[in-house]
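Summary of structural features
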Amino acid sequence: MKGKNLLLSFVILGGFCIFPLAAQTLAPSSAMPAADGMVGTDEYTWKTEQKGAVLSLALSADGSTLYAAVDTPAAGWAAVGLGARGMNGAFMVLGSDDAGKTEISEQTGKGFSHTPNAEKILKTQAVKETGGRTVLEFSVPAAKFIKNGKLDVIAAWAKKDSFKTKHTQHISLSVQTN
């Protein structure tokens, strides 16, 4: 009898382990995050916390718009890159708030650097620095970045506001989409 109870416990606990994985799929939602430089508790439908930063994503109900935000543990610039797991070839949005003077730039990763884009595709954008943290939010057309049910994302941040300053930390991941 003990063996059956132990086996049942493993099956039940194993089932609970599946739920967080399912929650990590980015699916279309009626949520429409506001680009205001603040990330609300339920504003985005997908989140991950790594290295003290929180990366948040949402996809519009019709799947046409991708919303992205990064809340970083540094008072400096913050960036999110889409379409690649590294800088090279990624569409990058960099933002900084230097005592109320905000700057947001659309750039393309080239090798281990980046240059400004001629094409501007941001639909919404905001950056705000508060309490030693920088929050960058924006939205873009989703079809440019979601390929074969996958979205490649990078995020980075630095302790200075100059976009020429090398990042302090970065994260890289692929997100499954519906």
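Note: the structure precedes this text.
To start, this report covers the structure provided alongside it. The residue count restarts for each chain, going from 1 along the sequence in the order it is written. The model is predicted, so local features are restricted to residues of pLDDT at least 70 and side-chain atom pairs to those at 80 or more, both for listing and for counting; the totals for chains, interfaces and linings are taken over all residues. Side-chain calculation: all heavy atoms of the structure are included, whereas hydrogens and water are not.

Some words on the environment of Thr-72
The helix count covers DSSP runs of H or I at least four residues long, the strand count covers runs of E at least two residues long, and both are numbered beginning at the N terminus. In this fold, Thr-72 is placed in strand β3 (residues 65–72). Placed 57 residues apart in sequence, Thr-72 and Glu-129 show a C-alpha to C-alpha distance of 9.4 Å. Residues within four places of Thr-72 in sequence aside, it is in contact with Ala-53, Ala-78, Gly-132, Arg-133, Thr-134 and Trp-157. By the convention used here, residues are in contact when the closest approach between their heavy atoms is within 4.5 Å.

Some remarks on the pairing of strand β9 (residues 133–141)
With seven of nine residues buried, β9 is to be regarded as a mostly interior element. Alignment of β3 against β9, held across eight bridges, turns out to be antiparallel. Its bridge partner lying in β9, Thr-65 is registered against Pro-141. Note on pairing: DSSP must find at least two bridges between two strands before they are called paired. Relative to β9, strand β8 (residues 124–130) runs antiparallel, the two being bridged by seven bridges. Residue pairing for β9: Lys-128 is matched across the bridge by Val-135. Where β8 folds back on β9, the antiparallel hairpin that results is connected by two residues, among which Gly-131 adopts a positive phi of roughly 55°. The rule is simple: take the accessible area with a 1.4 Å probe, protein chains only, and divide by the maximum for that residue type; under 20% is buried, over 50% is exposed, in between is partly exposed.

Focus on the environment of Ala-53
Considering the arrangement of structural elements, one finds Ala-53 in strand β2 (residues 53–59). Along the primary structure Ala-53 and Thr-72 are separated by 19 residues, whereas in three dimensions their C-alpha atoms are 4.4 Å apart. Aside from chain neighbours lying at most four places away, what touches Ala-53 is Thr-48, Val-70, Asp-71, Thr-72, Pro-73, Arg-133 and Trp-157.

As for the pattern of salt bridges
Pairs can form between side chains of opposite charge whenever their charged atoms are close. Definition used for salt bridges: Asp or Glu carboxyl oxygen within 4 Å of a side-chain nitrogen of Lys or Arg. By the definition in use, this model includes three salt bridges. Among the salt bridges present, the one from Glu-119 reaches Lys-144, with a minimum N-O distance of 3.8 Å. Of the two residues, Glu-119 is situated in the loop between β7 (113–116) and β8 and Lys-144 in the loop between β9 and β10 (146–147); the sequence distance between them amounts to 25 residues. A residue is classified by how much of its surface remains accessible, and Glu-119, at 49% relative accessible area, is partly exposed. Residue classification places Lys-144 among the partly exposed residues on the basis of a relative accessible area of 41%.

Digging into the sheet that holds β3
Pairing is antiparallel in the open sheet, where five strands are placed in the order β1-β2-β3-β9-β8. Here the strands that pair on one side only, and so sit at the sheet edges, are β1 (46–50) and β8. Neighbour to neighbour, the strand axes of the sheet diverge by 10° on average, direction disregarded. In this analysis an axis means a line fitted to C-alpha atoms, helices contributing only their contacting stretch, and an angle means the value between N-to-C directions, from 0 to 180 degrees.

Functional significance is not addressed by these values, which are geometric in nature.
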